[in-house]
Amino acid sequence: MSKNKNNIDTGKRKWYFRALKKVMKIKYKEPTFIYLDGNEKLKEGSIILSNHEGTDAPMAFEIYHKSKFRMWGAHEMNSGLIPLYKYQTKVYYHEKKHWNIYAARAFCLIASPLTNLFYSGLNLISTYKDSRFAKTVKESYATLKSGENIIIYPEDSTNGYLAELEGFHAGFVMLCEYCKRKGYDVPIYVSYFKKSKNTYIIDKPVMYSQLSAGDESKEQIAKNLCERCNELGKMKTEKEVCVK
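Residues numbered from 1 in each chain as written. Predicted model: local features only at pLDDT ≥ 70, side-chain atom pairs only at ≥ 80, totals over all residues. Heavy atoms only, no water.

### A word on the nonpolar core
For step 1, the next point in the chain: Counting residues in each nonpolar core, the largest one holds 33 residues, and the members touching the most others are Ile-47, Phe-168 and Phe-172.
For step 2, the next point in the chain: Elements with a minimum of two residues in this core: strand 2 (47-50), helix 5 (133-145), strand 5 (149-152), helix 6 (171-181), strand 6 (187-194) and helix 8 (218-234).
For step 3, the next point in the chain: Residue contacts for Phe-172: discarding those within four places in its chain leaves Leu-49, Trp-72, Ile-152, Pro-154, Ala-222 and Leu-225.
For step 4, the next point in the chain: Residues Tyr-35, Tyr-64, Tyr-200 and Ile-202 belong to the second largest nonpolar core, which totals 24 residues. (Core = buried A, V, L, I, M, F, W, Y, C linked by side-chain atoms within 4.5 Å. Buried < 20%, exposed > 50% of the residue type's maximum accessible area, 1.4 Å probe, protein only. Helix = DSSP H or I, 4+ residues; strand = E, 2+ residues; numbered from the N terminus. Contact = heavy atoms within 4.5 Å.)

### What about the pairing of strand 1 (residues 32-35)?
For step 1, the next point in the chain: Going residue by residue along strand 1, you find Phe-33 and Tyr-35 tucked away on one face and Thr-32 and Ile-34 left uncovered on the opposite face.
For step 2, the next point in the chain: In terms of strand pairing, strand 1 meets strand 7 (residues 199-202) through 4 bridges, oriented parallel. Paired with Ile-34 across the strands is Ile-201, a residue of strand 7. (Pairing = 2+ DSSP bridges.)

### Remarks on the pattern of salt bridges
For step 1, the next point in the chain: Scanning the entire structure with this criterion turns up 9 salt bridges.
For step 2, the next point in the chain: Residues Asp-56 and Lys-195 are paired through a salt bridge, measuring 3.3 Å at the closest nitrogen-oxygen approach. Residue Asp-56 is found in helix 2 (residues 56-64), and its partner Lys-195 is found in the loop between strand 6 and strand 7; the two are separated by 139 residues along the sequence.
For step 3, the next point in the chain: Among the residues examined, Lys-195 registers a relative accessible area of 46% and is labelled partly exposed.
For step 4, the next point in the chain: Residue Lys-234 pairs with Glu-164 through a salt bridge whose shortest N-O separation is 3.4 Å. Here Glu-164 lies in the loop between strand 5 and helix 6 and Lys-234 lies in helix 8, a separation of 70 residues in the sequence.
For step 5, the next point in the chain: By relative accessible area, which is 47% here, Glu-164 ends up partly exposed.
For step 6, the next point in the chain: Taken together, the shared-partner salt bridges in this structure form one network comprising Asp-203, Arg-228 and Glu-231. (Salt bridge = Lys/Arg side-chain N within 4 Å of Asp/Glu carboxyl O.)

This is how it looks when you write it as structure tokens:
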């Protein structure tokens, strides 16, 4: 597998995808990464939870973060052009970003083929809302055990991508429980991308064993972590203080 100048393994990203990322730097500028534990190197085999901010948070991490990772993504975005077009039109642009459905359909005639090319090189871990989620969990566990991190955007975006998140879906907790049964205690990082400041705040890691030490349900654990994510979003960074 090939490595880049930072000695980061890039073997699982296709060559055209790596070239495409260089072009995308024109649109997505490098963010400032702030690590609350002071350590820029994330623990291997960790889960990173983040807000979504449309495409901005995923692209900021994918293009600029120097670590080995894979992302969770809706299987429709990872299943070929036609399923992607339907999902991108109805769910992403119409339901989440509140575009007019006809405008979304017209735009995606151009956007979806490009998005399909992008996602085919991203090496996503597909997520499902049915029994196939077991496949997601097993593939994710193998990824974590290989030393790669997994980025998950678990926010409930029923009402769109909001600055203050309304909740986290608890699917990632099921992955953590699976890892626990396999004897692997997963480090979890909560993070928040502040689009207006182009700043990514990454919290100190917490072990899943700490989060699950009490009697909290998986929904309560997800709620607690969502609240922490919102706290990060309201946090004043040194950069913002200096501007004032």
